[in-house]
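So you can see what is in the structure, the chains are spelled out below.
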Amino acid sequence: MMLNTVSQFSDAIKASGLEPPTIIKPGKIHRFPGIGKQQSNRSGWCMLFDDGMGGCYGDWASDLSENWQAKRNKSFSHAERSAFTHLANESKTQAEVIRKAKHVDAANRASAIWNGASPAPGDHPYLMRKGIKMHNARLHKDSLVLPVVDFSGMLSSLQFIGQDGNKLLLPGGRKQGCFIPIKNDASDSARVIICEGWATGCTLAEDDPASRVLAAIDAGNLKQVAVAARSKWPSVELVIAGDDDRLTAGNPGVTKARAAAITTGALLAIPHWPVGSPETLTDFNDLALWIKGGLRG
């Protein structure tokens with residue numbers, strides 16, 4: 001019976017887009033890669049209750065949190081439903097404690113790395129390839145390192161960009177609702193522009209130096225950053241500058257940018273591609289480079 005319920009539990013987790021561990025032991029929180037994340041990621045989690053008849057699982061990176069009950073022939077009694085609710089709440093509380101501890105540890109590591117990093121050189125290969133200035137970037141080993149902060153200004157994580165453009169976030173760092181500030185911390189900025197990536201943000205900041213520019217890191221974080229920005233600066237003109245993922249099913253860049261704009265009453269900006277530009281171009285940095293004739297891989 002236990003083997004059957006473990007299989008049911010595993011199938012339910014897979015149906016959500018997660019890939020659970022091969023072995024799931026009851027009564028223990030297991031961590032594994034989040035949806036679409038690399039194998040080293042540990043934002044996915046699950047716990048199967050000791051009796052094997054219920055459990056919960058989720059993904060900290062996407063705010064997924066679900067309860068699960070095993071299939072059986074008779075209905076659960078009121079006492080059993082109450083016990084299940086208690087166990088689910090207890091397990092989620094335990095998972096949240098683990099997540100917050102991870103965030104604190106990552107913030108401490110981020111601070112140590114950031115404070116020890118040197119200013120980025122203007123001729124770093126990534127900056128040269130993207131045609132942007134160094135802005136707030138520092139250098140850690142051979143990679144650019146960028147601060148990921150929340151709306152209180154607290155450093156929560158770091159993003160590293162290698163010379164080849166490979167991007168990594170500090171493991172365990174808090175990303176949801178956080179952003180990379182690009183330029184202009186003036187309190188009187190009349191416009192706030194929120195985009196996905198840092199290079200795109202640098203391009204936008206250089207084009208519109210009077211605006212405050214925030215990079216939400218990815219499309220999935222646009223809405224949370226936009227909601228927090230609207231709460232912090234209710235009277236500013238808010239602009240969501242989305243990517244145009246034309247070659248990706250469902251065009252997540254446009255879809256999520258539009259959702260963020262609708263939720264916050266913001267303006268929506270999407271690149272308008274010149275005739276003859278390749279469909280592989282996706283963001284405002286690509287657009288600027290193409291217009292300048294300097295787009296490189």
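First, a word on scope: everything that follows refers to the structure included in this document. (Residues numbered from 1 in each chain as written. Predicted model: local features only at pLDDT ≥ 70, side-chain atom pairs only at ≥ 80, totals over all residues. Heavy atoms only, no water.)

## Here we look at the packing of helix 4 (residues 198–207) against helix 7 (residues 284–292)
Working step 1: In the contact formed by helix 4 and helix 7, the axes pass within 7 Å of each other and the chain directions differ by 60°. On the basis of the axis angle, helix 4 is oblique to helix 7. Across the interface between the two elements, Ala199, Thr200, Thr203 and Leu204 from helix 4 touch Phe284, Asn285 and Ala288 from helix 7.
Working step 2: Counted by class, the contact of helix 4 with helix 7 contains 4 nonpolar, 3 polar and no charged residues. (Axes fitted to C-alpha atoms, helices over the stretch in contact; angles between N-to-C directions. Helix = DSSP H or I, 4+ residues; strand = E, 2+ residues; numbered from the N terminus. Parallel < 35°, antiparallel > 145°, perpendicular 65-115°, else oblique. Contact = heavy atoms within 4.5 Å. Nonpolar A, V, L, I, M, F, W, Y, C, P; charged D, E, K, R; others polar.)

## Examining helix 7
Working step 1: Considered for burial, the residues of helix 7 that qualify are Phe284, Asn285, Asp286, Leu287, Ala288 and Leu289.
Working step 2: Residues of helix 7 that are buried in the fold lie against helix 3 (125–130), helix 4, strand 13 (237–241) and strand 14 (267–269).
Working step 3: The backbone nitrogen of Asn285 has a side-chain oxygen 3.0 Å away, supplied by the residue at the start of helix 7, namely Asp283.
Working step 4: Positive phi appears at Gly293, one or two residues downstream of helix 7, with a value of about 75°. (Buried < 20%, exposed > 50% of the residue type's maximum accessible area, 1.4 Å probe, protein only. Polar contact = N/O pair within 3.5 Å; in protein donor to acceptor, adjacent residues only side chain to side chain.)

## Description of the side chain of Lys175
Working step 1: Within the secondary structure, Lys175 is located in the loop between strand 9 (167–169) and strand 10 (180–183).
Working step 2: Under the relative-accessibility criterion, Lys175 is labelled buried at 13%.
Working step 3: There is a polar contact of 2.5 Å between the side chain of Lys175 and the side chain of Asp218.
Working step 4: Once you skip the residues sitting within four places of it in the chain, Lys175 turns out to touch Lys37, Leu169, Ile217, Asp218 and Asn221.

## Describing the sheet that holds strand 1 (residues 29–32)
Working step 1: Within the open sheet, the 4 strands sit side by side as 1-2-3-4. Their pairing is antiparallel. The open sheet terminates on both sides in strands that have one partner only, identified here as strand 1 and strand 4 (64–69). Strand-to-strand twist of the sheet, defined as the mean angle between neighbouring strand axes without regard to direction, takes the value 15°.
Working step 2: Across 4 bridges, strand 1 lies against strand 2 (residues 44–48) in antiparallel orientation. Paired with Arg31 across the two strands is Trp45, which belongs to strand 2.
Working step 3: This element, helix 2 (residues 78–116), spans strand 1, strand 2, strand 3 (54–59) and strand 4 of the sheet and lies at about 150° to strand 4. (Pairing = 2+ DSSP bridges.)

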